[in-house]
Amino acid sequence: MRSPVTGILALLLLLLLLIVGYSSVFTVQQTEQALVVRFGAPVQVVTDPGLHFKVPFTDTVIPIDKRILDLENPAQEVIASDQKRLVVDAFARYRIKDALQFYQSVGSIQAANLQLTTLLNSALRRVLGEVTLIQVVRDQREALMGRIRDQLDHEAGNYGIQVVDVRIRRADLPDQNSQAVYQRMKTERQREAAEFRAQGNQKAQEIRSNADRESTVIVAEANSKAEQIRGEGDAERNRLFAEAYGQDPDFFAFYRSMSAYENGFKSNDTRFLLRPDSDFFRFFGGASGKPSAAPAAPAAPAKP
């Protein structure tokens, strides 16, 4: 029979083998690369994902991210070549291309972010300090971002880092400058509006004056034409009256009297200060206009 000591030793040996075996392997994720360090000295860099072996108890595995990392840079104030002050908000994207150089130079992603922030601010000031505000905001923004990326990538190469992209998220004037520019633009727009309004009023006055002059001319011509037509009509009327009078004086006298009666006898006012035997009332006795004959006196009776 086996002694209890032999069983314990076998169990301890198995446990030791498990510990040694576990310490002899390490796993590299697909998003990582690993740096194997032995007593502080780098031994190898493992970039392939999967299970790998190392010397137990002496080797240390340092995982290093190999994905594209973000660098958020706080807004910085930059002076352009035309002495305009700009508040620039930029960010960068980078990856660790040399794990050994990265570990030996900066050691961690936090330290790398601090170093890259300093380098990015320096590149921003160098590049944007050579151009004007309009070139930064509108004309050469894409090209300027490319120049900043190239300069930052060149300097970051000393730390085993590759800069993938640099973007300027915002480039604006400081708040006090923005308010001054806004007020100046507002004043300029108000001046232009007042100028356009004055030109419109002048044009409206010219149009109104021309319209008044044309209307006066048209009305005058119309009145002249109307007076001419009215005069021709009066002349024609008088001619017809003259012909009618010449053809039948009695009828003309009758017509004139009827017109006088029509114009003279108005409603609610039929008072006249005339003698009853006035010529004005001569047609009241008959259509001929002549006074009716007096009745004959009765014959005197014959004497016996």
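A brief look at the structure comes next. Owing to the predicted nature of the structure, the values given are computational and were not obtained by experimental measurement. (Residues numbered from 1 in each chain as written. Predicted model: local features only at pLDDT ≥ 70, side-chain atom pairs only at ≥ 80, totals over all residues. Heavy atoms only, no water.)

So, about the overall build of the chain. Scanning the chain from N- to C-terminus turns up seven helices and nine strands. The burial tally for the chain puts 23% of its 304 residues in the buried class. The long-range fraction of contacts in the chain, counting pairs at least 24 apart against all pairs at least 6 apart in sequence, stands at 62%. Summed over all atoms, the accessible surface of the chain reaches about 21500 Å², with 56% contributed by carbon and sulfur. (Helix = DSSP H or I, 4+ residues; strand = E, 2+ residues; numbered from the N terminus. Buried < 20%, exposed > 50% of the residue type's maximum accessible area, 1.4 Å probe, protein only. Contact = heavy atoms within 4.5 Å. Areas by Shrake-Rupley, 256 points an atom, 1.4 Å probe, with all protein chains shown as cover.)

Before going further, it helps to spend a moment on helix α3 (residues 109–128). Over its 20 residues, α3 extends 27 Å from the first C-alpha to the last, a length consistent with the 28 Å expected when each residue adds 1.5 Å. All buried positions along α3 are accounted for by A112, L116, T117, L119, L120, N121, A123, L124, V127 and L128. (Expected span 1.5 Å × (residues − 1).)

Attention shifts here to the side chain of H52. If you trace the backbone, H52 turns up in strand β4 (residues 50–53). Within the structure, the side chain of H52 is placed 2.8 Å from the backbone oxygen of D48, a separation counted as a polar contact. Ignoring anything within four residues of it in the chain, the contact list for H52 reads S24, V25, F26, V28 and V46. (Polar contact = N/O pair within 3.5 Å; in protein donor to acceptor, adjacent residues only side chain to side chain.)

Before going further, it helps to examine the pairing of strand β2 (residues 32–38). Most of β2 sits inside the fold, with five of its seven residues counted as buried. Relative to strand β5 (residues 59–65), β2 runs antiparallel, the two being bridged by seven bridges. If you follow Q33 over to β5, its bridge partner there is I64. One ladder, built from five bridges, connects β2 with strand β3 (residues 41–46); its direction is antiparallel. The partner of V37 across the bridge, within β3, is P42. Here β2 folds back onto β3 in antiparallel fashion, the turn holding two residues, of which F39 has a positive phi close to 55°. (Pairing = 2+ DSSP bridges.)

Strand order in the open sheet made by the three strands is β3-β2-β5, with antiparallel pairing throughout. The strands lining the two open edges of the sheet, one partner per strand, are β3 and β5. Going from strand to strand, the sheet's axes swing by 25° on average, the running direction of each strand aside. (Axes fitted to C-alpha atoms, helices over the stretch in contact; angles between N-to-C directions.)

Attention now moves to helix α5 (residues 141–156). Across its 16 residues, α5 extends 22 Å between first and last C-alpha, which sits within 8% of the 22 Å expected from 1.5 Å per residue. Looking at α5, one finds that the buried residues are L144, M145, G146, I148, L152 and A156. Residues of α5 that are buried make contact with β8 (85–96), α3, α4 (133–139) and β9 (161–172).

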